[in-house]
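Residue strings, one per chain:
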Amino acid sequence: MEAPPDPTVVREVVEPSGLTRHLEALQAAADANGGNRADATGGYAASAAYVEAQLRAAGYEPRRQEFSYGRRNPVDAFNILADTGSGSGSILVLGAHLDSVEEGPGLNDNGSGVAAVLEVALRLAEEGAVPRERIRFAFWGGEEDGMHGSEHYVEELSRQEAAAHVAYLNVDVVGSPNAVAFVYDGDGSDSEEAGPEGSGTVEQVLRDILRAEGVEALPFGFIEDSDYDAFVRGGIPAGGLFTGDGGTKSEAEARTFGGQAGLQYDECYHRACDTIGNVDMTVLEQMTETLMSATVSLGGIEGGLAEGSAREEGAG
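Since we're looking at a predicted model, the values are computed, not measured. (Residues numbered from 1 in each chain as written. Predicted model: local features only at pLDDT ≥ 70, side-chain atom pairs only at ≥ 80, totals over all residues. Heavy atoms only, no water.)

(A) Looking closely at the layout of surface pockets. For the largest pocket, the calculated volume is near 200 Å³. The wall of the largest pocket is formed by 15 residues, among which Ala179, Ala181, Phe257, Val283 and Gln286 lie closest to the centre. For the lining of the largest pocket, the leading source of residues is helix α10 (residues 281-299), giving four residues. Classifying every residue of the lining of the largest pocket gives eight nonpolar, six polar and one charged. (1 Å grid on protein atoms, 1.4 Å probe; cavity = no way out; pocket = protein on both sides within 12 Å on 5 of 7 lines; lining within 4 Å. Points joined across faces, edges and corners; volume = space filled by probe spheres on them. Helix = DSSP H or I, 4+ residues; strand = E, 2+ residues; numbered from the N terminus. Nonpolar A, V, L, I, M, F, W, Y, C, P; charged D, E, K, R; others polar.)

In C-alpha cells, the structure reads:
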C-alpha cells in the first residue's frame, strides 16, 4: 500500500471548474427532460451521453453494461464502465450512481458523486498517470430503484474476477450543504458489521488522507443503502465517502464540522430543490481531492501526478 500522496500535488490536479462543468451538464439534462434524471428516462440518457463523451475525449473506451429489473413492468437500464490500462490484473473500482429519483434532478444525490468520479478519471488521463492496478470507473444505473446496476455488475463477475478486485470506492452524496465528512466503517469498530477483509485498510487510507487536511472523518456503517452493498455481499473490500443526506446533524457534529445542528445534512434530499445550487462546491472539491488521493494510494499510481507537478515547479 502506497503512502498518501502529497495533498498539495492533488489539489493542483483537481479542477473545481471541471466539477462545476459536470454539474451544469447534469442539471441541463434534468431541465430538458421533465426535471429529473431517473433511470430509463431522457434525463438519464442525456446524463449518460455526457459522461461517455467526456470519457471518450480523454482517451477512454466507455462501454454500456445492460441489464433489466422489475417483473411486472421491466425497466431496461445500463451501467457505464471505463478502464485504465491493463495494469497488474487487479482492479480498483470507483463508482457513483448516475440516476436520480423522479422527484428532482439529483445534483447532490448523486450528481456530486458522478462529478467526483468523472473528474478523477479525466485528470488521471490528462496527467498521464500510470496505475499499478487497473482502475475502473463505474457509473451505475438503477440505484434509486434498489441498487440494481451495482448488483448486476457483481453478480456477473466470475469467482476469479471478483478475487481480482482489490477494493470498491463508493461515492454517493458528497456535496451536502450541511455536511459531515463520513467514511464507511470498513473495520466495523464503530458499527454493527465490518466489511470484507481489506475494508479496514480502505477506511484507514481515507481517514489518513482527510486527517492530513485537518479533518477528522466520522465512521459510517454499511447499512445496505448504496452501491457498496453488492460488493460487501460479494466479499470485495469496500469503502467510500459520504457527506450526509436525510439524517439530522448533531450538536457534536456541528461543533466539529460547522453548519446547523438539528437540521438535515441535506434538506433537499430526494426533492425538487436538489439542484446545482444545493451542492456545496467547497465540500465537493475536498471530497474529490480525497478520492483522487485514495486512488493514487490504492491504485499504486507510479507516474504522472507527482512528476507532472515537479515539471511545473522546475519550469517556473
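(B) Representation of the packing of helix α2 (residues 16-31) against helix α3 (residues 42-57) within the structure. The geometry of α2 relative to α3 is characterised by a closest axis approach of 8 Å and an angle of 150° between their N-to-C directions. What the angle tells us is that α2 and α3 run roughly antiparallel. When you trace α2 past α3, the crossing you get is right-handed. Each of Arg21, His22, Ala25, Leu26 and Ala29 in α2 lies in contact with α3, whose residues at this interface are Gly43, Ala46, Ser47, Tyr50 and Gln54. Considered class by class, the residues forming the contact of α2 with α3 number five nonpolar, four polar and one charged. (Axes fitted to C-alpha atoms, helices over the stretch in contact; angles between N-to-C directions. Parallel < 35°, antiparallel > 145°, perpendicular 65-115°, else oblique. Left-handed = near helix turned anticlockwise from the far one by under 90°. Contact = heavy atoms within 4.5 Å.)

(C) Quick peek at the nonpolar core. Among the nonpolar cores identified, the biggest contains 57 residues, and Phe137 and Phe139 are the most heavily contacted of them. Ranked by the residues each element gives to this core, the list is headed by helix α4 (residues 107-127), at ten residues. Those residues in contact with phenylalanine 137 that lie beyond four places of it in its chain are Tyr60, Ile80, Leu81, Ala82, Thr84, Leu94, Val117, Val120, Ala121 and Leu124. Within the second largest apolar cluster, 24 residues are counted, among which are Leu157, Tyr168, Phe182 and Ala238. (Core = buried A, V, L, I, M, F, W, Y, C linked by side-chain atoms within 4.5 Å. Buried < 20%, exposed > 50% of the residue type's maximum accessible area, 1.4 Å probe, protein only.)

(D) Structural context of the packing of helix α7 (residues 199-212) against α10. Closest axis-to-axis distance for the α7/α10 pair is 9 Å, and the angle between their directions is 130°. The angle between α7 and α10 places the two elements in the oblique class. Along this stretch, α7 crosses α10, giving a crossing that reads as right-handed. Contacts from Val202, Val205, Leu206, Ile209 and Leu210 in α7 reach Met287, Thr290, Ser293, Ala294, Ser297 and Leu298 in α10.

So yeah, pure geometry; function would need other evidence.
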